[in-house]
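Letter by letter, the chains look like this.
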Amino acid sequence: MSIKVIRCENYAEMSRAAASIVAKVMIEKKNAVLGLATGSTPVGMYGELAEMNRIGVLDFSDVTTVNLDEYYPISPDNDQSYRYFMNENLFDHVNIDKSRTYVPDGTAADPDDACRRYEEILDSVGQVDIQVLGIGQNGHIGFNEPAESLEVLTHVTGLTASTIKANARFFASEADVPTKALTMGMGTILRAKKIIIMANGAAKRDAVAVMLKGGLTTSCPASLLNLHPDVTLICDPAALGE
Ligand code: GLP
């Protein structure tokens with residue numbers, strides 16, 4: 001039950017490998033529930049999925065999506081929000097019903113309440129058939145940051161200094177990076193039927209190594225994926241430390 005590794009030569013190959021696993025789930029189940037991630041890593045995979053939709057081999061019309069996380073506070077039309085990212089990278093390019101695409105609400109007046117409502121949405125859409133994950137340099141998944149203890153359900157979290165620094169490249173300046181986020185918890189993520197986690201580049205090497213060691217430590221939240229029976233890491237040689 002250890003994490004399966006698909007070692008790809010490069011990013012383009014990783015994107016195709018991840019897209020073909022997601023596509024297989026969608027072809028087997030027309031109304032699949034997809035758990036989706038943001039960040040730079042899955043961008044190529046979304047491009048592949050959009051292309052498969054364009055040429056008619058993949059149908060999104062009955063698909064539901066739930067995203068892992070969202071900055072807080074942030075408006076959906078801020079080009080750094082994860083809602084905006086998903087529209088730009090996938091939803092605007094495929095035949096999906098946007099009313100069935102869910103991202104935690106970065107505009108909610110009461111963020112704790114938004115998290116409770118998100119868990120209700122997750123319960124109502126049913127089990128996630130496949131969850132796509134990236135991994136932070138510090139081993140975070142979603143925005144579950146390394147800490148003494150981790151949260152089970154969707155919750156409000158402060159971002160660590162290292163995550164703010166890593167994500168500053170997308171914002172005008174480091175000071176513009178929101179300091180909080182709403183994120184699925186570890187239990188929420190581990191409820192998915194199947195999980196793929198993508199990692200490329202040497203910056204992810206240490207986090208990937210801890211995860212693949214097979215133990216559990218809250219200082220690398222991705223290591224908790226070792227509790228799940230069906231996890232596949234899709235990575236390039238640099239992420240494996242080669
Ligand atoms: C972000 C997101 C994660 C993502 C990770 C890695 O902060 N919250 O869901 O997997 O960091 O991002 P990237 O793929 O850009 O390296």
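Figured I'd write up the structure that's included with this text.

Reading the values: rules and limits
Residues numbered from 1 in each chain as written. Predicted model: local features only at pLDDT ≥ 70, side-chain atom pairs only at ≥ 80, totals over all residues. Heavy atoms only, no water. Phe/Tyr/Trp six-rings, centres within 6.5 Å; stacked < 30°, edge-to-face > 60°. Helix = DSSP H or I, 4+ residues; strand = E, 2+ residues; numbered from the N terminus. Buried < 20%, exposed > 50% of the residue type's maximum accessible area, 1.4 Å probe, protein only. Pairing = 2+ DSSP bridges. Contact = heavy atoms within 4.5 Å. Axes fitted to C-alpha atoms, helices over the stretch in contact; angles between N-to-C directions. Core = buried A, V, L, I, M, F, W, Y, C linked by side-chain atoms within 4.5 Å.

## A short note on the packing of aromatic side chains
For any pair of aromatic rings, the description consists of the separation of the ring centres together with the inter-plane angle of the planes. Overall, the coordinates contain five aromatic pairs when judged by the stated rule. A ring pair is formed by Tyr 71 and Phe 171, whose centres lie 5.5 Å apart and whose planes are at 80°; its orientation type is edge-to-face. Here Tyr 71 is found in strand β4 (residues 69-72), whereas its partner Phe 171 is found in the loop between α5 (161-167) and β8 (180-183), with 100 residues between them in sequence. Relative to Phe 143, the ring of Tyr 82 lies with its centre 6.0 Å away and its plane at 10°, an arrangement referred to as stacked. Taken together, the positions of Tyr 82 in helix α3 (residues 82-89) and Phe 143 in the loop between β6 (130-133) and β7 (155-158) put the pair 61 residues apart, joining distant regions of the chain. Taken as a pair, Tyr 82 and Phe 143 share a single burial class, namely buried. Three or more aromatic residues joined by ring pairs make a cluster, and in this case those are Tyr 71, Tyr 82, Phe 143 and Phe 171.

## A short note on the sheet that holds strand β5 (residues 101-102)
Read from one edge to the other, the open sheet built from seven strands follows the order β1-β10-β9-β6-β2-β3-β5, with strand pairing classed as parallel. Strand pairing shows two members of the sheet lacking a second neighbour, β1 (4-7) and β5, which therefore form its edges. Together, β1, β2 (33-36), β6, β9 (195-199) and β10 (231-235) form the strand contacts of helix α1 (residues 11-28), whose direction differs from that of β9 by roughly 165°. Its contacts with the sheet put helix α7 (residues 205-213) on β1, β9 and β10, and the angle it makes with β10 is roughly 150°.

## With respect to the nonpolar core
Counting 32 residues, the largest nonpolar core has Val 22, Leu 34, Met 45, Leu 49, Phe 60 and Leu 90 as its most contacted members. Secondary structure elements with two or more residues in this core: α1, β2, α2 (43-54), α3, β6 and β9. Sequence-distant contacts of Val 22, defined by excluding residues within four places in its chain, comprise Leu 34, Met 45, Leu 49, Ile 130, Val 132 and Ile 196. Within the second largest apolar cluster, 29 residues are counted, among which are Ile 3, Ala 37, Leu 133 and Ala 192.

## Section: the pairing of β9
For β9, a buried count of five out of five residues is recorded, marking the element as mostly surrounded by other parts of the structure. Of the two faces of β9, the one carrying Ile 195, Ile 197 and Ala 199 and the one carrying Ile 196 and Met 198 are both buried. Inspection of the sheet shows β6 paired to β9 by three bridges, in the parallel sense. Paired with Gln 131 across the two strands is Ile 195, which belongs to β9. Examined bridge by bridge, β9 and β10 share five bridges and lie parallel to one another. Residue pairing in the sheet places Ile 197 in a bridge with Leu 233 of β10.

By themselves, these observations are geometric and do not establish any function.
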